[in-house]
Amino acid sequence: MTVKKALITGIGGQDGSYLAELLLEKGYEVHGTARRVPDFVHRRANRHGTDRLILHYGDLTNGTRLVGLLEEIQPDEVYHLAAQSHVRVSFDEPEFTGNTTGLGTIRLLEAIRNTGLTCRFYQASSSEMFGAAPPPQHENTPFHPRSPYGVAKVYAYWATRNYREAYGMYAVNGILFNHESPRRGPTFVTRKIATAAARVKAGLQDTVHLGNLDARRDWGYAAEYVHAMWLMLQQDQPDDYVIATGTSHSVRDFAEHCFAHLGLDYRDHIRFDERQLRPSDVDHVVGDASKAHRVLGWKAATHAPELARLMVDAELGALNSVPGA
Ligand code: GDP
């Protein structure tokens, strides 16, 4: 049997690392682009070796490089996860965000078309595309993005659909609602709160500065969401799917769960910082993932309260393993 080859752009991020681990378990040869060697590669090299995991330097602003990579790797499946993915940062760097997150997707689609590959393509679409659209949001909800990041993701969503319709490519959009884990970047609100709660408990800090506590998100567990990405590329027909838990919680709720898990009251440790506010924010998203359940057989198992606990436990574990942290 021939070994399937996957290319993951942005393998160094939270989702890239979980997806790479899933595909390696399934027997794939996994290629990833990153701008630096991700932590999980070092962990895996220490444990099992990395003979089926190959890293490439790659940047989404360079179309010629993308063509070269595709010709070299000849992947069966491409998972396009690389982006400037922080919403707050996108207000400071709107052009850069448009170039990587928006145009980067069409560069990659065009590179696939130019190389004549028949690979399958996954686009990491986002609930940020819904923005101000009233919840619950599903595959047919009209988009109303509220940030340069959301605007760029809408462009990439339509580029993916257009290449499917125009050229018959097997190209899909996974519209993933917020998904978190101990591997989430430290400036996203869930990770920031989980880290702070653990450090408060350990006596290393007393407060954490946050912005909008009333925003509601549909937070799921990233390790489960990458499985949905893989499922989307194994179907007979390409299609778009919302991936979500179907429940929403406020930032305040999430903080309450994290601190309460350690026997602490979040109100004693949270301070307001207006610099964390955004020029326009997403107030309330909650996804309706019934299509993914019906067609892919996928359903979220971990909801926000459990996610908060597992993230806090991971932070405590990390603190305990670093003497004097
Ligand atoms: P997003 O949904 O992709 O923007 O994910 P984030 O984790 O960055 O933000 C989720 C929500 O938390 C947004 O509504 C933010 O305005 C809100 N929030 C409140 N305080 C903070 C903070 O200190 N950092 C971040 N990143 N978000 C915050």
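Scroll up a little and you will see the structure.
Residues numbered from 1 in each chain as written. Predicted model: local features only at pLDDT ≥ 70, side-chain atom pairs only at ≥ 80, totals over all residues. Heavy atoms only, no water.

Quick notes on the overall build of the protein
- Along the protein, the regular secondary structure elements total 11 helices and 13 strands.
- Relative to a compact globule of 325 residues, whose C-alpha radius of gyration would be 20 Å, the protein shows 20 Å and is just as compact.
- Residues counted as buried form 52% of the 325 residues belonging to the protein.
- Of the contacts made within the protein by residues no fewer than 6 positions apart, 77% connect residues no fewer than 24 positions apart.
- Surface exposure of the protein reaches about 14,400 Å², of which carbon and sulfur atoms provide 48%.
- Computing the positive centroid from 35 side-chain charges and the negative centroid from 38, the protein places the two 1 Å apart. (Helix = DSSP H or I, 4+ residues; strand = E, 2+ residues; numbered from the N terminus. Rg over C-alpha atoms; globule rule 2.2 N^0.38 Å. Buried < 20%, exposed > 50% of the residue type's maximum accessible area, 1.4 Å probe, protein only. Contact = heavy atoms within 4.5 Å. Areas by Shrake-Rupley, 256 points an atom, 1.4 Å probe, with all protein chains shown as cover. Lys, Arg positive; Asp, Glu negative; His and termini not counted. Charge placed at Lys NZ, Arg CZ, Asp CG, Glu CD.)

Details of the site of the ligand
- Residues in contact with the ligand amount to 18 residues; listed here are only the nearest, Lys192, Gly211, Arg217, Arg278 and Asp281.
- Between an oxygen atom of the ligand and a side-chain N or O atom of Arg278, the distance comes to 2.5 Å.
- Here an oxygen atom of the ligand and a side-chain polar atom of Asp281 are 2.6 Å apart.
- Summarising the interface, the protein chains cover 98% of the accessible area of the ligand, which totals 530 Å² for the free molecule. (Near = heavy atom within 4 Å. Polar contact = N/O pair within 3.5 Å; in protein donor to acceptor, adjacent residues only side chain to side chain.)

As for the sheet that holds strand S4 (residues 77-80)
- Taken in spatial order, the seven strands line up as S3-S2-S1-S4-S5-S6-S11 in an open sheet, and their pairing is parallel. At either end of the open sheet lies a strand with only one pairing partner, and these are strand S3 (53-57) and strand S11 (241-243). Geometrically, the sheet is characterised by an average inter-axis angle of 20° between neighbouring strands, direction not taken into account.
- Bridge count between strand S5 (residues 120-126) and strand S6 (residues 171-176): six bridges; the pairing is parallel. The partner of Ser125 across the bridge, within S6, is Ile175.
- Packing of helix H8 (residues 222-232) onto the sheet brings it into contact with S4, S5, S6 and S11, and relative to S6 it is tilted by some 160°. (Pairing = 2+ DSSP bridges. Axes fitted to C-alpha atoms, helices over the stretch in contact; angles between N-to-C directions.)

Considerations on the packing of helix H5 (residues 94-115) against helix H6 (residues 148-167)
- As a packed pair, H5 and H6 sit with axes 8 Å apart at the nearest point and diverge in direction by 15°. Taken together, the axes of H5 and H6 lie roughly parallel to each other. Regarding H5 and H6, the two cross each other, and that crossing is right-handed. Contacts from Pro94, Thr97, Gly98, Thr101, Gly102, Leu103, Thr105, Ile106, Leu109, Glu110 and Arg113 in H5 reach Pro148, Tyr149, Ala152, Lys153, Tyr155, Ala156, Ala159, Thr160, Tyr163 and Tyr167 in H6.
- Here the residues of the contact of H5 with H6 sort into 12 nonpolar, six polar and three charged. (Parallel < 35°, antiparallel > 145°, perpendicular 65-115°, else oblique. Left-handed = near helix turned anticlockwise from the far one by under 90°. Nonpolar A, V, L, I, M, F, W, Y, C, P; charged D, E, K, R; others polar.)

With respect to H6
- Over its 20 residues, H6 runs 28 Å from end to end, which matches the ideal 28 Å to within 8%, given 1.5 Å per residue.
- Of the positions making up H6, those classed as buried are Tyr149, Gly150, Ala152, Lys153, Val154, Ala156, Tyr157, Ala159, Thr160, Tyr163 and Arg164.
- Positioned one or two residues after H6, Gly168 has a phi angle of 70°, which is positive. (Expected span 1.5 Å × (residues − 1).)

Comments concerning the packing of aromatic side chains
- Applying the stated criterion across every chain yields a total of nine aromatic pairs.
- With a centroid separation of 6.1 Å and an interplanar angle of 40°, the aromatic rings of Tyr79 and Tyr122 are classed as tilted. Here the residue Tyr79 occupies a position in strand S4, and Tyr122 occupies one in strand S5, the gap between them amounting to 43 residues. Considered together, Tyr79 and Tyr122 belong to a single accessibility category, that of buried residues.
- Through pairs of rings, three or more aromatic residues link up here, namely Phe130, Phe143, Tyr157, Trp158 and Phe177. (Phe/Tyr/Trp six-rings, centres within 6.5 Å; stacked < 30°, edge-to-face > 60°.)

What about helix H9 (residues 251-261)?
- Among the residues making up H9, those that are buried are Val251, Phe254, Ala255, Cys258 and Phe259. The arc that holds every buried residue of H9, seen down its axis, measures 120°, which confines them to one face.
- Looking at the buried side of H9, the elements it contacts are helix H7 (189-201), strand S8 (208-210), strand S12 (249-250), strand S13 (270-272) and helix H11 (304-321). (Arc of directions from axis to C-beta.)

Brief notes about the packing of H7 against H11
- The geometry of H7 relative to H11 is characterised by a closest axis approach of 8 Å and an angle of 50° between their N-to-C directions. The pairing of H7 with H11 is recorded here as oblique in orientation. Helix-helix and strand crossings are classified by hand; for H7 and H11 the assignment is right-handed. Packed against H7, whose contacting residues are Thr190, Arg191, Ala194, Thr195, Ala198 and Arg199, the element H11 presents Met311, Val312, Glu315, Leu316 and Leu319 at the interface.
- Residues of the contact of H7 with H11, tallied by class, amount to six nonpolar, two polar and three charged.

Things to note about the nonpolar core
- Counting 61 residues, the largest nonpolar core has Ile8, Leu19, Leu23, Val30, Tyr79, Tyr122 and Met232 as its most contacted members.
- In terms of residues, this core owes the most to one element, H8, which gives eight residues.
- Not counting chain neighbours up to four residues away, the residues in contact with Leu23 comprise Ala6, Ile8, Tyr28, Val30, Tyr79 and Trp230.
- With 17 residues, the next largest nonpolar core counts Leu109, Ile112, Phe121 and Met169 among its residues. (Core = buried A, V, L, I, M, F, W, Y, C linked by side-chain atoms within 4.5 Å.)

A short note on the pairing of S5
- Burial within S5 is extensive, with six of its seven residues counted as buried.
- The sheet contact formed by S4 and S5 spans four bridges and is parallel. Each bridged residue has a counterpart across the sheet, and for Glu77 the counterpart in S5 is Arg120.
- Viewed along the sheet, the connection from S5 through H6 into S6 turns out right-handed. (Right-handed = clockwise from strand over helix to strand, strands pointing away.)

No statement about biological role is implied by the geometric values presented.
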